[in-house]
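# Close look at the chain arrangement
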Amino acid sequence: PPVVTARGVTKAYGRTRALAGVDLQVRAGEVLGLVGHNGAGKSTLMRVLAGLESCDAGAVLVHGEEAPAGSAAAFGTVRMAYQETSLCPDLTVAENMWISSRHCLPRLGWRRAASTSVRRRLDEVFPGHGVTPRDRVEDLSLAQRQMVEIVRACLVDRLDLLILDEPTESLGPDAARTLYAYVRRLAEAGTAVLLISHRIREVLSAADRVVVLRDGAVTADRAAAGMTEPD
Ligand code: ADP
Ligand code: ADP
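Okay, so let's go over this structure.

Thresholds, definitions, all that
Residues numbered from 1 in each chain as written. Chains lettered and ligands numbered in written order. Predicted model: local features only at pLDDT ≥ 70, side-chain atom pairs only at ≥ 80, totals over all residues. Heavy atoms only, no water. Pairing = 2+ DSSP bridges. Helix = DSSP H or I, 4+ residues; strand = E, 2+ residues; numbered from the N terminus. Axes fitted to C-alpha atoms, helices over the stretch in contact; angles between N-to-C directions. Buried < 20%, exposed > 50% of the residue type's maximum accessible area, 1.4 Å probe, protein only. Right-handed = clockwise from strand over helix to strand, strands pointing away. Core = buried A, V, L, I, M, F, W, Y, C linked by side-chain atoms within 4.5 Å. Contact = heavy atoms within 4.5 Å. Near = heavy atom within 4 Å. Polar contact = N/O pair within 3.5 Å; in protein donor to acceptor, adjacent residues only side chain to side chain. Areas by Shrake-Rupley, 256 points an atom, 1.4 Å probe, with all protein chains shown as cover. Nonpolar A, V, L, I, M, F, W, Y, C, P; charged D, E, K, R; others polar.

A separate point is the sheet that holds strand E9 (residues 217–223). Strand pairing in a sheet takes place through backbone hydrogen bonds and is either antiparallel or parallel in direction. Taken in spatial order, the five strands make up an open sheet running E6-E7-E3-E8-E9, and their pairing is mixed. If you trace the sheet from one side to the other, it starts and ends with strand E6 (161–165) and E9, each paired once. Strand-to-strand, the axes of this sheet are offset by a mean angle of 20 degrees, without reference to chain direction. One ladder, built from four bridges, connects strand E3 (residues 31–35) with strand E7 (residues 192–196); its direction is parallel. Bridge pairing in E7 places Leu34 opposite Ile196.

Here's what the structure looks like:
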């Protein structure tokens, strides 16, 4: 079965309907691009799929089984935001890795991220990043923080689903290319990747399949190859 399945997922905030019956599957080894205008429901769908929020109706299945409500720890996830990541700014890079391994996802086989493995992983994913594990996050550039955020998300022994929300927002073109090459390798190793970005050209080249969300509903779901400008 797919790593994650959304079946008729509906979600409202007061009178605002953010998701109106979304059906979606993300399979192991697949990079799925999720695009849509502001307010289309991308962030909400991401949170519901990650188990960070419950839906009002419908279901989220993880490996074909209904995910118990509030089961955020079913996956390793990452949320990216321009100028703001989920890292603790006054801690070091290594401490940030350690915190998420100890407290956030204890049952996923996260190991204590020793400085050497943090450095090795950073070198592997983003050569020339200029980050050392002892740097305080607040002293890093936006691009460096985004790299650390991504690497932290991938420091899981068996990463089922990686959700990248605008992962290249503060990266330059070289770092973005490096990131997508790494994402491809993760997918080839069996991770399902959900890529949210408003950079349509990036999505079309990095994703295998593209889903277009509009007003909380899926309006297109097809192979990225040959797709031009989704609306
Ligand atoms: P996108 O990520 O595609 O921009 P969102 O999922 O953030 O879309 O938002 C979808 C709709 O739901 C929007 O109308 C938005 O204002 C609303 N919405 C999202 N989150 C909340 C929230 N926590 N409280 C109230 N309304 C929300
Ligand atoms: P993005 O689409 O890049 O996520 P947004 O500005 O649409 O950026 O939303 C940022 C965050 O605020 C999201 O988590 C979203 O769900 C939440 N949000 C959006 N609209 C509202 C709203 N009307 N009330 C409360 N939270 C909201």
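Continuing now.
For the rest of this paragraph, the subject is the pairing of E7. Most of E7 is tucked away, with five of its five residues classed as buried. Of the two faces of E7, the one holding Ala192, Leu194 and Ile196 and the one holding Val193 and Leu195 are both buried throughout. Bridge analysis of E6 against E7 gives five bridges, and the strand direction is parallel. Considered in E7, the bridge of Ile163 is made with Leu194. Once the chain exits E6 it traverses helix H5 (residues 173–188) before rejoining the sheet at E7, and the crossover so formed is right-handed.

A few words now on the nonpolar core. Counting 43 residues, the largest nonpolar core has Val93, Val148, Leu162 and Val210 as its most contacted members. Not counting residues up to four positions away in its chain, the partners in contact with Val210 are Leu32, Gly33, Val35, Val203, Leu204, Ala220, Asp221, Arg222, Ala224 and Met227. In terms of nonpolar packing, the next biggest core, distinct from the first, is built from 24 residues, Val4, Leu19, Val22 and Val48 among them.

Its identity is not glycine, yet His63 carries a phi of approximately 50 degrees, on the positive side. Within the secondary structure layout, His63 lies in the loop between strand E4 (57–62) and strand E5 (65–66). By relative accessible area, His63 is classed as partly exposed at 36%.

Looking at ligand 1, the residues that line it are Tyr13, Thr16, Ala18, His37, Asn38, Gly39, Ala40, Gly41, Lys42, Ser43, Thr44 and Arg47. For ligand 1, an oxygen atom lies 2.7 Å from a polar atom in the backbone of Gly39. Gly41 is positioned with one of its backbone polar atoms (N or O) 3.0 Å from an oxygen atom of ligand 1. Burial of ligand 1 by the surrounding chains reaches 62%, relative to a free accessible area of 560 Å². When residues of the shell around ligand 1 are traced back to their parent elements, those giving at least two are strand E2 (16–26) and helix H1 (42–49). If one sorts the elements of the shell around ligand 1 by residue count, H1 sits on top with four residues. Taken together, the residues that form the shell around ligand 1 break down as three nonpolar, seven polar and two charged.

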